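# Structural features, examined
Next come the chains, spelled out residue by residue.
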Amino acid sequence: MVEQGLAARQAAAALLRGVLVDGRLLSELPAPKLSDPAELARAQRLAVTTLRWQDRADRLLGRYLRKMPPAEAMVLLRLGTVEICEEGAAAHGVVNAMVSLAQKHKSTKHFKGLINATLRKVGGEGRGKWRSLPAPQLPKWLRKPLGDDYGKATVVAMEEVQAMQPPLDLTVKNGDSQALAEKLGGEVMPGGSVRLREFGQVSKLPGFKEGDWWVQDMAASLPVQLLDLKPGETALDLCAAPGGKTMQMAALGADVTALDLSEKRMARVQENLNRTGLKAKLVTGDALEHQGQYDAILLDAPCSATGTMRRHPDLARAKDGSDFPGLFELQERMIDHALTLLAPGGRLVFCTCSLLPDEGEIQAEDALKRHDNLEIIQPNLPFIDPAWIKPEGGIRLRPDYLADQGGMDGFYMALMRKT
Ligand SMILES: C[S@@+](CC[C@H](N)C(=O)[O-])C[C@H]1O[C@@H](n2cnc3c(N)ncnc32)[C@H](O)[C@@H]1O
């Protein structure tokens, strides 16, 4: 029995070691080799939930540990703690499983006793304390700059949303959100996304195979709405993969070219277009080298992705921010190059799924300083709270906005035009 539950836990522990010991993102790690799809899903869910609740698990474990054991043993302690306290698993089964997993590795074998004793305390007294502990905090390297930019209270509000299981947002191909919401028991969000709070396997939901919708956070669906495409306009999606925004642009009837540097990710765009029956011309290449003239360009630039941490809690744990300045510089070069691809009177939406003003407001303000003939057009999206519009004319979205409806990804977007 223990062995049966062990495979998913072992795979979850391997994923957590990849993130916490090797500093890699979950998306960069090989998928666990588990033949049963349910076990695979469980392993992935356990790893993500552990990362989401890691800070609280560490607070609880701190009560029972005189000194933190090495990272590999901490992986098992955190996994066990989150399974017991957050997932509500029976403590004895979790303790046995974590001790068995510790036995399998040279680096953890000597910590079997510690893991056993500590997780027993977690399963006893600890379980009762869990809910009274504060929401998980972001690591210091990110908490400090976000606190400087937004204030402490906002960071706490964002952390509270990030602790929640994120909803599933769908963008509807034919635009009839109400009909899809009724069919799936969802809620129509500002901007038209259909939000589901309860959902199982996405590919089993009605309309998936038929390509009636695609998964896209409501915040991520707004840049294309800001671009306000007209049927027949030539449109370029400069960093397109996996293609959520390409599909929106194609569904609006634009003549779309979708470009991305990554061949592998471009295959995802093709798959998505095949499923939804939408059309776009696909180009694999470097945005900085692309040539042409377009009525409208969407630049969803590579960024820190700090706006998506509630879906990807591995990001805050695998990264330390040291590679971000290189991204800021790339974004600046991409904006400058994208402006050269605009037809006279053409529009550019620059956007990033980031919470850092360096990748949002500051990029937009600096672009205005570099280009005399550039203006930011005030958003014309009636459903947007005016408080979300920044002085320079961009839209700042934060995870704590619409928190009582499940929040949203952090995003920045600005509609620019060459005068
Ligand atoms: C934020 S993601 C794009 C998400 C996409 N727009 C969507 O909505 O599905 C950024 C993309 O930029 C691509 N990228 C990074 N550097 C690039 C470059 N120099 N030229 C083109 N694409 C690049 C990455 O491969 C990645 O797919």
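Residues numbered from 1 in each chain as written. Predicted model: local features only at pLDDT ≥ 70, side-chain atom pairs only at ≥ 80, totals over all residues. Heavy atoms only, no water.

As a further point, take the site of the ligand. Close contacts around the ligand come from 19 residues, with K245, D260, R265, A287 and D300 the closest. Between the ligand and A241 there is a distance of 3.2 Å, counted from an oxygen atom to a backbone nitrogen or oxygen. A distance of 2.7 Å separates a nitrogen atom of the ligand from a polar side-chain atom of D300. When the ligand sits alone it has 600 Å² of accessible area, and the protein chains cover 85% of it. Counting only elements with at least two residues in the shell around the ligand, the list comes to helix 11 (244–251) and strand 6 (255–260). (Near = heavy atom within 4 Å. Polar contact = N/O pair within 3.5 Å; in protein donor to acceptor, adjacent residues only side chain to side chain. Areas by Shrake-Rupley, 256 points an atom, 1.4 Å probe, with all protein chains shown as cover. Helix = DSSP H or I, 4+ residues; strand = E, 2+ residues; numbered from the N terminus.)

With 96 residues, the main nonpolar core has L397 and M413 as its most contacted residues. No other element matches the nine residues that helix 4 (residues 71–85) contributes to this core. Excluding residues that lie within four positions of it along the chain, L397 makes contacts with A219, L222, L355, W388, M408, D409, G410, F411 and M413. Of all hydrophobic cores here, the second largest spans 24 residues; its members include A287, A301, A364 and L374. (Core = buried A, V, L, I, M, F, W, Y, C linked by side-chain atoms within 4.5 Å. Buried < 20%, exposed > 50% of the residue type's maximum accessible area, 1.4 Å probe, protein only. Contact = heavy atoms within 4.5 Å.)

The next point concerns the UniProt feature "binding site: S-adenosyl-L-methionine" (unreviewed entry) in the protein chain. UniProt tags C239, A240, A241, P242, G243, G244, K245, D260 and D300 as "binding site: S-adenosyl-L-methionine" (unreviewed entry). The greatest C-alpha distance among the residues just named is 12.8 Å, despite their covering 62 residues of sequence, which places them together in space. The exposure class of A240 is buried, given its relative accessible area of 5%. Contacts of A240, omitting those with residues within four sequence positions, involve T246, A258, L259, D260 and V269. With respect to the helices, strands and loops of the structure, D260 is situated in strand 6. On the accessibility criterion, D260 (9% relative accessible area) is buried. Apart from residues no more than four positions distant in its own chain, D260 is found in contact with C239, A240, A241, M266, V283, T284 and G285. Within the local environment of D260, its side chain forms a polar contact with the backbone nitrogen of A240, the two atoms lying 3.2 Å apart. (UniProt positions renumbered as here; feature names shortened; annotations may be inferred.)

The next thing to look at is the domain arrangement of the protein chain. If you check the domain split of the protein chain, you get domain 1 (2–130) and domain 2 (218–418). The distance between the C-alpha centroids of domain 1 and domain 2 comes to 37 Å. Contacts between the two partners involve twelve residues from domain 1, matched on the other side by eight residues from domain 2. Summed over both partners, the interface of domain 1 with domain 2 comes to about 780 Å²; 63% of that surface belongs to carbon and sulfur atoms. Taken as a group, L25, L51 and R52 account for 50% of the area that domain 1 buries against domain 2, more than any other trio of residues on that side. Applying the counting rule to domain 1 against domain 2 returns zero salt bridges. The interface formed by domain 1 and domain 2 includes two residue pairs in polar contact (both at pLDDT 80 or more). Contributing elements (two or more residues each) for the side of domain 1 that touches domain 2: helix 1 (2–20), helix 2 (37–52) and helix 3 (54–64). The element best represented in the side of domain 1 that touches domain 2 is helix 2, accounting for three residues. Split into classes, the residues belonging to the side of domain 1 that touches domain 2 amount to six nonpolar, three polar and three charged. (Domains from an automatic or database assignment. Buried area = accessible area lost by both parts, 1.4 Å probe. Salt bridge = Lys/Arg side-chain N within 4 Å of Asp/Glu carboxyl O. Nonpolar A, V, L, I, M, F, W, Y, C, P; charged D, E, K, R; others polar.)

Here Q363 shows up in helix 15 (residues 361–370). Excluding its chain neighbours within four sequence positions, the residues that come into contact with Q363 are F328, Q331, E332, I335, F350, P357 and D358.

With that out of the way, let us pick up the pattern of salt bridges. In a structure, side chains of opposite charge can pair up when their charged atoms sit close to one another. One pass over the full model with this rule turns up 24 salt bridges. Across the salt bridge formed by E87 and R45, the nearest N and O atoms sit 2.8 Å from each other. With E87 in the loop between helix 4 and helix 5 (91–104) and R45 in helix 2, this residue pair connects regions lying 42 residues apart in the sequence. For E87, a relative accessible area of 32% corresponds to the partly exposed category. You can call R45 partly exposed: its relative accessible area is 40%. Residues D55 and R59 are paired through a salt bridge, measuring 3.4 Å at the closest nitrogen-oxygen approach. Taken as a pair, D55 and R59 lie in helix 3 at a separation of four residues, close to a single helical turn. D55 gets classed as buried once you look at its relative accessible area, which sits at 17%.

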